[in-house]
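Inside the fold
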Amino acid sequence: MFEEASEVFDNMFKSSFPLTFIVFIPAVLILVSPLPAEAAHEFTVYRMQQYDLQGQPYGTRNAILNTEARTVEAEVLSRRCVVMRLADFSYDKYQKALRQSAGAVVIILPKNMSAMPQDIVQQFMELEPEMLATETVVPVYFALEDDELLSIYSQTLTSSSSQGSLSAAEVLLHTATANGFQMVTSGAQSKAVSDWVITSLEGRLAGVGGEDLPTIVVVAHYDSFGVAPWLSYGADSNGSGVSMLLELARLFSKLYTYKRTHAAYNLLFFVSGGGKFNYQGTKRWLEDNLDHTDSSLLQDNVAFVLCLDTLGSGDSIYLHVSKPPKEGTPQYALLKELETVVASQHPEARFSMVHKKINLADDMLAWEHERFGIRRLPAFTLSHLPSHRSARRSSIMDVRSVSPSSHHGAGEPPAGPHVDVSKLSRNTKVVAEALARVIYNLTEKGAPGDLQIFTEQMQVQEEHLSAVVDWLTAQPRAAQLVDKDSSFVSTLEYHLGRYLKDVKRHYVKADKRDPEFVFYDQLKQTMNAYRVKPAIFDLLLAVCIAAYLGMMYLAIQNFAVLYSVVRRITQPKTKVH
């Protein structure tokens, strides 16, 4: 009976090709049918700065990404998306990816950057300007870590780092069986944003006692800057300066409410936009007031311009000047009053003057007061930083506060930018007291240095400063993100209007023929990481399927022989009597 079945199957498979096709094609389809592409993770990414300033391009020039993920440990990075964590980031690794023409770079940042070890924070702050110094065609993105993203990074790291220590056969097998990730952005290529408007705000407190009163101008720029606009919160630079300006406006508005304390000085407050882009808002404001109008407080008797920049931490206070003030001038009076207030009321602080001439050959001005100095207005900048080159002024690490668990010694200030509200409150009090002593001429009237004007109900409110800093750092304030219709500008205008008169906006738009600045879009996108198998996997799968079909074909063509062999092996042996 078995012999007959063997002959039937043998004839059926040899003579009936359609039947053979029907029997084996389902197996082939099951083996080769691809699984649907499944997104391993979807997350938000923030692109590196892209802008032109005075015709010079900066930052990354591309935004599109569709390539396979690798870590920097892989030997070949060409046309790959290089993923690295901030903890392992270095400029050499970054340059390695650029030199090998990587398809993109994605840097994973911790959610709480203020809790990072301070050596890593300091290192990255110093590298940010170098990353932006020249343009690159490689898209560079930043992402905030989560469990899924860290898992993708770990799998990619394992796949990339193991290839260098294995044999060729092991590498081939590992490559074929490992999971890969295809990184794809959802946005389009970046393009220049036309007609972008930078908004600045001004308000004033008019003095009493005559028409030609001297004017004191208090200035702070509100925009922030860092390697990625959507991650630039600018707590110290310059959230602290704006917070101090608003508190000074509140304090002096109270003094100017009463006839007995209404001084013979005009106080002009200016919150400028585009400060991180060579103080474009201040430049246009000066042009509007000095060149395009017949009546302006800036055209009359300007006593001095005081710019506030990065005053939220530290025990040092520096007065940066382009030209040392001469004795007998209002500028010299403010310098001496600052020295008096610090020495008499806050001996824990240190005050000094830093002289630096304006270098018009530089692409960027050092401090905001230099914009006024170019127009021959007496001006200076107050800051806790000794130099304009400090990396703290232009970093995404400039956040609201530093975690107590950060690794720094007891009593030692953290290395990363932050805002210490108690130090900001003290610095605000120093500035307020010094300005009051100048306005009311207290030193010449014989008032002692330890006389405090702002006490009790008139004192600096630390809670108010803290609330303003919290509000300012609740959203990124990069100049590319704050347009004239933003809620931030409206809220800032409301706060100024509570204390000042004649609050109004000033706009600056780049010239279409020869723009001084150009911004680009696609700064925030959604990235998908798709789980994929490498191309070698498809090749090995095809070889295995071909081998399987070949063996099946031979088995069918020689079914009788195969059956007889199997029969002979499995047939029970007969006993020999």
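Residues numbered from 1 in each chain as written. Predicted model: local features only at pLDDT ≥ 70, side-chain atom pairs only at ≥ 80, totals over all residues. Heavy atoms only, no water.

Details of the nonpolar core
- Residues Leu248, Phe252, Leu306, Leu308 and Leu382 are the most contacted members of the largest nonpolar core, which totals 68 residues.
- If we skip the residues at most four places from it in the chain, phenylalanine 252 touches Leu205, Leu267, Ala432, Leu435, Ala436, Ile439 and Phe454.
- In terms of nonpolar packing, the next biggest core, distinct from the first, is built from 44 residues, Tyr58, Ala102, Met125 and Ile198 among them. (Core = buried A, V, L, I, M, F, W, Y, C linked by side-chain atoms within 4.5 Å. Buried < 20%, exposed > 50% of the residue type's maximum accessible area, 1.4 Å probe, protein only. Contact = heavy atoms within 4.5 Å.)

Digging into the layout of surface pockets
- Its boundaries defined by the atoms lining it, the largest pocket holds a volume of some 820 Å³.
- Contributing to the lining of the largest pocket are 24 residues, with Pro129, Phe225, Met364, His388 and Ser394 lying nearest its centre.
- Here the element with the most residues in the lining of the largest pocket is helix α4 (residues 118–133); it accounts for four residues.
- Both domains that meet at the lining of the largest pocket, namely domain 1 (39–191 + 524–533) and domain 2 (197–403 + 418–509), each give it at least three residues. (1 Å grid on protein atoms, 1.4 Å probe; cavity = no way out; pocket = protein on both sides within 12 Å on 5 of 7 lines; lining within 4 Å. Points joined across faces, edges and corners; volume = space filled by probe spheres on them. Helix = DSSP H or I, 4+ residues; strand = E, 2+ residues; numbered from the N terminus. Domains from an automatic or database assignment.)

A closer look at the pairing of strand β7 (residues 140–144)
- Within β7, four of the five residues are buried, which leaves the element mostly enclosed by the surrounding structure.
- Alignment of strand β6 (residues 104–109) against β7, held across five bridges, turns out to be parallel. Residue leucine 109 lies in a different strand from β7, and its bridge partner there is leucine 144.
- In this fold, the crossover linking β6 to β7 by way of α4 has right-handed handedness. (Pairing = 2+ DSSP bridges. Right-handed = clockwise from strand over helix to strand, strands pointing away.)

Structural notes on a nonpolar patch on the surface
- On the surface, Tyr548, Leu549 and Met551 cluster together to form a nonpolar patch covering roughly 270 Å² of accessible area.
- Relative to the helices and strands, leucine 549 resides in helix α14 (residues 535–557). (Patch = residues over 30% accessible without salt bridge, like charges linked within 9 Å, V, L, I, M, F, W, Y side chains within 5 Å. Areas by Shrake-Rupley, 256 points an atom, 1.4 Å probe, with all protein chains shown as cover. Salt bridge = Lys/Arg side-chain N within 4 Å of Asp/Glu carboxyl O.)

What about the confidence of the model for the protein chain?
- On average, residues of the protein chain score 86 in pLDDT, and 85% of them are at 70 or above.
- Contacts for the low-pLDDT stretch residues 16–23, under 50 throughout, to residues beyond four places or in other chains number four contacts.
- Note on residues 28–37: pLDDT under 50 across the span, and five contacts to partners over four residues away in sequence or across chains. (pLDDT = per-residue confidence, 0-100.)

Some remarks on helix α12 (residues 462–472)
- If you check which residues of α12 are buried, you get His464, Leu465, Ser466, Val468, Val469, Trp471 and Leu472.
- Structurally, α12 contributes buried residues whose contacts are with α7 (235–255), α11 (421–439) and α13 (487–499).

Quick notes on the side chain of serine 425
- For serine 425, the position within the fold is in helix α11.
- Among all residues touching serine 425, those that are not within four sequence positions of it are Val460, Glu462 and Leu465.

Observations concerning the sheet that holds strand β13 (residues 316–321)
- Strand order in the open sheet made by the eight strands is β14-β13-β15-β12-β10-β11-β9-β16, with mixed pairing throughout. Single-partner strands in this sheet number two, and they are β14 (350–355) and β16 (501–509). For this sheet, the mean angle separating the axes of adjacent strands, direction not counted, is 20 degrees.
- Pairing geometry for strand β10 (residues 215–221) and strand β12 (residues 302–308), over five bridges, is parallel. Each bridged residue has a counterpart across the sheet, and for valine 218 the counterpart in β12 is leucine 306.
- In the packing of helix α8 (residues 280–290) onto the sheet, contacts are made with β9 (197–205), β10, β11 (266–272) and β16, and the angle to β16 comes to roughly 110 degrees. (Axes fitted to C-alpha atoms, helices over the stretch in contact; angles between N-to-C directions.)

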